[in-house]
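The chain contents come next:
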Amino acid sequence: MTSETENWSWWVGRDEERYTTECATKEEAVYIAREKYEGAYICEAQKLANIKLSGYFDADFFVENAEDNAYDDHGDHESDDVIFDVTPDQRRDLDAMVRAAIDAWQEKHGLKFTGFLFSASRNHEYIDGPEDEATQ
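The shown structure was predicted, so the numbers you read here are calculated from the model rather than taken from an experiment. (Residues numbered from 1 in each chain as written. Predicted model: local features only at pLDDT ≥ 70, side-chain atom pairs only at ≥ 80, totals over all residues. Heavy atoms only, no water.)

**Here's the deal with the overall build of the chain**
So, point 1. Helix and strand counts for the chain come out as four helices and six strands.
So, point 2. Sequence-ordered secondary structure for the chain, helices as α and strands as β, is β-β-β-α-β-β-α-α-β-α.
So, point 3. Relative to its full complement of 136 residues, the chain shows a buried share of 26%.
So, point 4. Sequence-distant contacts in the chain: of pairs separated by 6 or more residues, those separated by 24 or more amount to 71%.
So, point 5. For the chain, the computed accessible surface area is about 9600 Å², with 48% contributed by carbon and sulfur atoms. (Helix = DSSP H or I, 4+ residues; strand = E, 2+ residues; numbered from the N terminus. Buried < 20%, exposed > 50% of the residue type's maximum accessible area, 1.4 Å probe, protein only. Contact = heavy atoms within 4.5 Å. Areas by Shrake-Rupley, 256 points an atom, 1.4 Å probe, with all protein chains shown as cover.)

**As for the pattern of salt bridges**
Between side chains of opposite charge, a pair can form when the charged atoms approach closely.
So, point 1. On inspection of all chains with the given rule, the structure shows five salt bridges.
So, point 2. Across the pair Glu44 and Arg122 runs a salt bridge, and its minimum N-O distance is 3.0 Å. Of this pair, Glu44 sits in strand 4 (residues 39-46) while Arg122 sits in strand 6 (residues 120-128), and the two are 78 residues apart along the sequence.
So, point 3. Exposure remark for Glu44: the relative accessible area of 12% places this residue in the buried category.
So, point 4. Note that Arg91 is salt-bridged to Asp60, the shortest N-O span being 3.4 Å. One end of the pair, Arg91, is in helix 3 (residues 88-108); the other, Asp60, is in helix 2 (residues 59-74), with 31 residues separating them in the sequence. (Salt bridge = Lys/Arg side-chain N within 4 Å of Asp/Glu carboxyl O.)

**Here we look at the sheet that holds strand 6**
So, point 1. Overall, antiparallel pairing links the four strands, which are arranged 3-2-4-6 in an open sheet. Where the open sheet ends on each side, the last strands, each with one partner, are strand 3 (21-23) and strand 6. Ignoring strand direction, the axes of neighbouring strands in this sheet form an average angle of 25°.
So, point 2. Sheet analysis places strand 2 (residues 9-13) next to strand 4, joined by five bridges and oriented antiparallel. Bridged to Trp10 within strand 4 is Glu44.
So, point 3. The sheet strands contacting helix 1 (residues 26-36) are strand 2, strand 3, strand 4 and strand 6, and the helix crosses strand 4 at an angle near 150°. (Pairing = 2+ DSSP bridges. Axes fitted to C-alpha atoms, helices over the stretch in contact; angles between N-to-C directions.)

**Some words on the packing of aromatic side chains**
Between two aromatic rings, the relevant description is the distance of the centres plus the angle of the planes.
So, point 1. Per the counting criterion, the structure on display carries four aromatic pairs.
So, point 2. Considering the side-chain rings of Tyr19 and Phe118, the 6.0 Å spacing of their centres and the 45° angle between planes classify their relative orientation as tilted. In this pair, Tyr19 sits in the loop between strand 2 and strand 3 while Phe118 sits in the loop between helix 3 and strand 6, placing the two residues 99 residues apart along the sequence.
So, point 3. Exposure remark for Tyr19: the relative accessible area of 6% places this residue in the buried category.
So, point 4. By relative accessible area, which is 25% here, Phe118 ends up partly exposed.
So, point 5. Through successive ring pairs, a cluster of aromatic residues spans Trp11, Tyr19 and Phe118.
So, point 6. Its end group placed over the ring of Trp8, Arg122 keeps NZ or CZ at 3.7 Å from the ring centre. (Phe/Tyr/Trp six-rings, centres within 6.5 Å; stacked < 30°, edge-to-face > 60°. Lys NZ or Arg CZ within 6 Å of the ring centre and 35° of its normal.)

In structure tokens, the structure reads:
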């Protein structure tokens, strides 16, 4: 699954498991954690900038699914013969050709797919809120 990684950015979240606010700088993250969240976690993280849809195509699954779907209409119900009898080399070739077509389609339409999870993170820290700082 080839994907492009974007640059590091700062994130703010109510707990260490879920960061929801992206920030351009650490200073902005600290301000938001203090003032808007009244105390929160911050970290510097990367997300994938473009997840390749082609990485999720699987020729083995596709051929098996096609076989199941076509069997009722075209299969010999009295034998174990398969309709789509392809070799492992042919499946690998199908996988490569379809993935290339999906990549070309994604590029043609300028589609950028991103997920929620980080691909890497660092510099985790908790920032106290204004009330927490006042009691220290």
